[in-house]
Amino acid sequence: MGTKPREERTRPKQKTPTFLLELPLVVEPGQAARLRAHLEAGRQFYNAVLSSGQRRLRQMRADPAWQAARAIPRTHPQERRAAFSALRERYGFSEYAFHDLAKELRVSWLADHLDAVLAQTLATRAYRALNRICVGKARRVRFKSRGRGLSSLENKRNDTGLRFVLDTPAQGHRGWLIWHDDQLPALIDWDDPVVKHGLAHPVKYARLVRRPASSARAQGADREGERYVVQLALAGAPLQKPKHAVGSDTVGLDLGPASIAIVPRQAEARLEPLCAELRPDGRAIRRLQRRMERQRRAANPEHYDEKGRPRKRGKGAPRWKQSQGYQATRRRKAARERRLAAHRKSLHGQLVHQIVAVGHTIITEKLTYIGWQKRYGRSVGLRAPGMLIAHMRRTVASTGGTLREVPTRSTKLSQFCHGCGEVVPKPLSQRWHQCPCGIGPVQRDLYSAFLAAYLDPAADLTPSCAQYVVPWEGAEARLRAAHERVKERAKEGQVLPRSMGIPRARARLPQSRSEATQELLFLSRRGKVEAWKRRPEPPVLVPRESSEPLERSPDEQH
Ligand SMILES: [Zn+2]
């Protein structure tokens with residue numbers, strides 16, 4: 001299929017460190033229309049590659065040889081790998097085969113919009129999406145709909161096609177993204193040290209990103225309410241701001257779905273709620289979600305039965321209608337979600353820098369994201385602990401430290417007791433580690449972060465009692481102090497996840513509804529007894545919002 005000999009194509013490229021710099025673009029209406037057309041071509045091309053690729057994947061998996069390859073035991077990795085790669089070769093399911101596919105599919109009008117290299121990067125993207133299904137990491141791929149479109153396109157080099165060009169200082173020091181005949185000026189703030197540092201490095205490739213703004217009137221947005229930015233992949237290391245010092249301690253972390261315990265070997269230990277500031281944003285989004293649900297029901301009564309349950313959708317069922325109000329709410333919700341994501345990212349960044357400022361060797365147990373997502377879906381979705389770890393990995397790597405993620409299965413830090421060496425699983429409701437051998441009581445997350453801090457990742461990963469005897473003498477008081485501080489904060493009224501082991505912390509929150517209230521007990525839908533406060537008049541239940549402190553919070557959905 002290909003023209004180049006395989007050896008030449010499979011030669012591995014040298015990997016050098018890369019960092020990203022994002023610059024806003026100034027796009028005129030005519031240019032925006034052309035960009036939209038290019039991106040639409042990109043979208044259709046991507047869907048075409050994805051569709052053909054999906055066919056190849058289905059055929060490959062339907063082949064009896066696929067089952068035979070799967071039956072090869074994992075104790076024979078080489079045989080297994082050989083069997084799978086023979087199959088991939090036969091059905092053309094590889095990145096290179098997809099590049100050849102891209103060559104076939106980039107015909108006629110598409111070729112006017114997409115140059116060959118951009119088509120290749122889109123093919124790679126489609127291949128990666130499908131490969132996730134192939135290796136069992138995903139169930140399905142998502143085709144890009146016309147409404148959502150393709151939001152980014154990238155090149156792999158900066159000399160042809162989509163590319164970024166920077167003037168010399170003498171010429172005015174301006175930068176442009178060039179694509180086809182359009183030159184889109186980038187807004188460069190030369191006084192910003194991050195921008196200045198970034199642009200001093202060679203550009204590997206540029207990525208054009210289209211982002212929806214909150215409305216067409218938002219700053220920098222075009223008529224369709226979209227903003228364009230260029231992301232530059234630069235060779236080198238990102239700027240290390242002087243305010244972000246790097247410590248030399250070793251830090252043990254225990255990350256929960258709603259909390260994080262940070263125990264360094266020397267410095268102060270901390271137990272913190274994870275991204276507590278996101279709670280109001282999360283609540284606002286849920287309100288909008290409920291509103292969308294009401295609007296959807298009002299506009300589509302035929303899709304629900306007399307009891308209000310959604311009807312099964314058969315073929316030829318009527319289309320779902322979207323009212324103007326629904327679309328407006330959806331836009332508002334999308335804008336909220338974007339703001340929340342940005343807020344979360346900045347909170348993650350702050351926390352990572354606080355941790356790295358204490359120590360550059362970080363040890364933590366490897367997260368089991370999938371299990372967490374099943375169990376604490378809403379909390380994990382809001383706080384994104386996996387993204388926090390990824391952020392930490394990048395930061396630690398760029399500062400020359402190490403992040404060790406030890407496998408939970410071998411260490412079992414949340415079950416281990418260093419006093420007697422027993423491994424006893426704790427139920428979720430048990431927030432404390434207290435052992436008959438005399439260790440504890442100590443908050444469980446702080447305790448496992450302590451165990452992580454003194455693990456020796458170079459040696460054996462199973463914790464032994466002997467290695468903790470000396471550290472424990474100094475650490476016990478620090479861990480207790482960390483928990484005392486949490487208690488203080490609960491008294492001051494901060495909302496804390498229940499896992500932190502402060503009973504009824506939420507119920508103790510001050511709720512100044514001056515009048516004398518009586519408590520009313522009743523069974524909630526989940527079958528739990530909950531106490532609601534009610535004013536004598538009017539004789540209705542307090543609406544959801546004002547009964548907040550007694551409601552089950554998302555982070556406690558066990
Ligand atoms: Zn014990």
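Up top is the structure these notes are about.
These numbers were taken from a predicted model, which means no experiment stands behind them.

## A short note on the overall build of the chain
When helices and strands are tallied, the chain shows 16 helices and 16 strands. Residues counted as buried form 42% of the 558 residues belonging to the chain. Sequence-distant contacts, at least 24 apart, represent 66% of the contacts inside the chain between residues at least 6 apart. Accessible area of the chain: about 31900 Å², with a carbon and sulfur share of 52%.

## A look at the environment of Ala129
Tracing the sequence through the fold places Ala129 in helix H7 (residues 116-134). When the C-alpha atoms of Ala129 and Leu50 are compared, they prove to be 8.4 Å apart, with 79 residues separating the residues in sequence.

## As for the coordination of the zinc ion
Of the protein atoms, only Cys417 (SG), Cys420 (SG), Cys435 (SG) and Cys437 (SG) coordinate the zinc ion, at distances of 2.2 to 2.3 Å. Classification of the site at the zinc ion as tetrahedral follows from its four donor atoms and the range of 103 to 116° in their angles at the metal.

## Here we look at a positive patch on the surface
A surface patch of like charges, here positive, comprises Arg140, Arg142, Arg148, Arg330 and Arg331. Looking at the element boundaries, Arg140 is found in the loop between H7 and strand E2 (152-154).

## Comments concerning the packing of aromatic side chains
On inspection of all chains with the given rule, the structure shows 12 aromatic pairs. In this structure an aromatic cluster arises from ring pairing among Phe416, Tyr447, Phe450, Tyr454, Tyr468 and Trp472. Sitting above the plane of the Tyr46 ring, Arg125 keeps its charged end 5.8 Å from the centroid.

## Thoughts on the packing of helix H15 (residues 444-453) against helix H16 (residues 469-492)
Each pair of packed helices gets described by two things: the angle between the helix axes and the distance between those axes. The N-to-C vectors of H15 and H16 enclose an angle of 145°; their axes lie 10 Å apart at closest approach. The chirality of how H15 crosses H16 is right-handed. Note on element contacts: H16 touches H15 through Pro471, Trp472, Ala475, Leu479, Ala482 and His483, opposite Leu446, Tyr447 and Phe450. In the contact of H15 with H16, the residues fall into eight nonpolar, one polar and no charged.

## Some details on H16
Along its 24 residues, H16 runs 35 Å from first to last C-alpha, staying within 8% of the 34 Å computed at 1.5 Å per residue. Ala475 marks the point of greatest bend in H16, at about 40°. On the buried face of H16, the contacting elements are strand E9 (259-264), strand E10 (270-273), strand E13 (432-433), strand E14 (442-443) and H15. After H16 finishes, the residue Gly493 shows a positive phi value of roughly 105°.

## Description of the pattern of salt bridges
Overall, the coordinates contain 23 salt bridges when judged by the stated rule. For Asp63, the salt bridge goes to Arg90, with nearest N and O atoms at 2.9 Å. Residue Asp63 is located in the loop between helix H2 (29-62) and helix H3 (64-71), and its partner Arg90 is located in helix H4 (residues 77-91); the two are separated by 27 residues in the primary sequence. Classification of Arg90 by relative accessible area gives exposed; the value is 54%. Linked through salt bridges whose partners overlap, the residues forming this network are Arg36, Arg210 and Glu226.

## Examining H7
For H7, built from 19 residues, the straight-helix expectation of 27 Å at 1.5 Å per residue is met to within 8% by its first-to-last C-alpha distance of 26 Å. Count one or two residues on from H7 and you reach Gly136, which has phi positive near 85°.

## Concerning the packing of H2 against helix H5 (residues 95-105)
Two elements in contact, H2 and H5, have axes separated by 10 Å at closest approach and are oriented at 130°. Between H2 and H5, the interaxial angle falls into the category oblique. In the packing of H2 onto H5, the handedness of the crossing is right-handed. Two secondary-structure elements touch here, H2 through Phe45, Ala48, Val49, Ser52, Gly53 and Arg56 and H5 through Ala97, Phe98, Leu101, Ala102 and Leu105. Of the residues belonging to the contact of H2 with H5, the class tally is eight nonpolar, two polar and one charged.

## Some words on the sheet that holds strand E7 (residues 226-235)
An order of E1-E7-E6-E2 is seen for the four strands of this open sheet, with the pairing classed as antiparallel. At either margin of the open sheet sits one strand with a lone partner, and together these are strand E1 (18-24) and E2. The average angle at which neighbouring strand axes cross in this sheet is 20°, direction not considered. For E1 and E7, the ladder comprises seven bridges, and the chain directions are antiparallel. Residue Thr18 lies in a different strand from E7, and its bridge partner there is Ala235. Those strands touched by H2 are E2, strand E6 (203-212) and E7, and its axis lies near 65° from that of E7.

## Some thoughts on the sheet that holds strand E4 (residues 175-179)
Strand-to-strand pairing in sheets goes through backbone hydrogen bonds, with the strands running parallel or antiparallel. In space, the three strands of this open sheet follow the order E3-E4-E5, with antiparallel pairing throughout. A single partner strand is all that each edge strand has here, and the edge strands are strand E3 (163-166) and strand E5 (182-186). Here the average twist between neighbouring strands, direction ignored, is 30°. Pairing analysis gives four bridges linking E3 to E4, with the strands arranged antiparallel. In the sheet register, Leu166 faces E4, and the bridge partner there is Gly175. This element, H2, spans E4 and E5 of the sheet and lies at about 110° to E5.

## Some remarks on the environment of Leu184
Relative to the helices and strands, Leu184 resides in strand E5. With 44 residues separating them along the chain, Leu184 and Tyr228 place their C-alpha atoms 9.7 Å apart. Discounting residues that sit within four places of it in the chain, Leu184 has contacts with Leu25, Val26, Val27, Gln31, Leu35, Gly175, Trp176 and Leu177.

## Some points on unusual backbone geometry
In the Ramachandran plot, His173 falls in the positive-phi region, its phi being about 60° despite a non-glycine side chain. Considering the arrangement of structural elements, one finds His173 in the loop between E3 and E4. On the basis of relative accessibility, which here comes to 25%, the residue His173 falls in the partly exposed class. Positive phi, close to 50°, is recorded for His180, a residue that is not glycine.

Here is what the cut-offs are and how they apply
- Residues numbered from 1 in each chain as written.
- Predicted model: local features only at pLDDT ≥ 70, side-chain atom pairs only at ≥ 80, totals over all residues.
- Heavy atoms only, no water.
- Helix = DSSP H or I, 4+ residues; strand = E, 2+ residues; numbered from the N terminus.
- Buried < 20%, exposed > 50% of the residue type's maximum accessible area, 1.4 Å probe, protein only.
- Contact = heavy atoms within 4.5 Å.
- Areas by Shrake-Rupley, 256 points an atom, 1.4 Å probe, with all protein chains shown as cover.
- Donors = N, O, S within 2.8 Å, 3.2 Å for Na, K, Ca; no water.
- Tetrahedral: all angles 85-135°; square planar, octahedral: opposite > 155°, others 65-115°.
- Patch = residues over 30% accessible without salt bridge, like charges linked within 9 Å, V, L, I, M, F, W, Y side chains within 5 Å.
- Salt bridge = Lys/Arg side-chain N within 4 Å of Asp/Glu carboxyl O.
- Lys, Arg positive; Asp, Glu negative; His and termini not counted.
- Charge placed at Lys NZ, Arg CZ, Asp CG, Glu CD.
- Phe/Tyr/Trp six-rings, centres within 6.5 Å; stacked < 30°, edge-to-face > 60°.
- Lys NZ or Arg CZ within 6 Å of the ring centre and 35° of its normal.
- Axes fitted to C-alpha atoms, helices over the stretch in contact; angles between N-to-C directions.
- Left-handed = near helix turned anticlockwise from the far one by under 90°.
- Nonpolar A, V, L, I, M, F, W, Y, C, P; charged D, E, K, R; others polar.
- Expected span 1.5 Å × (residues − 1).
- Bend = angle between axes of the 7 residues up to and from the residue.
- Parallel < 35°, antiparallel > 145°, perpendicular 65-115°, else oblique.
- Pairing = 2+ DSSP bridges.

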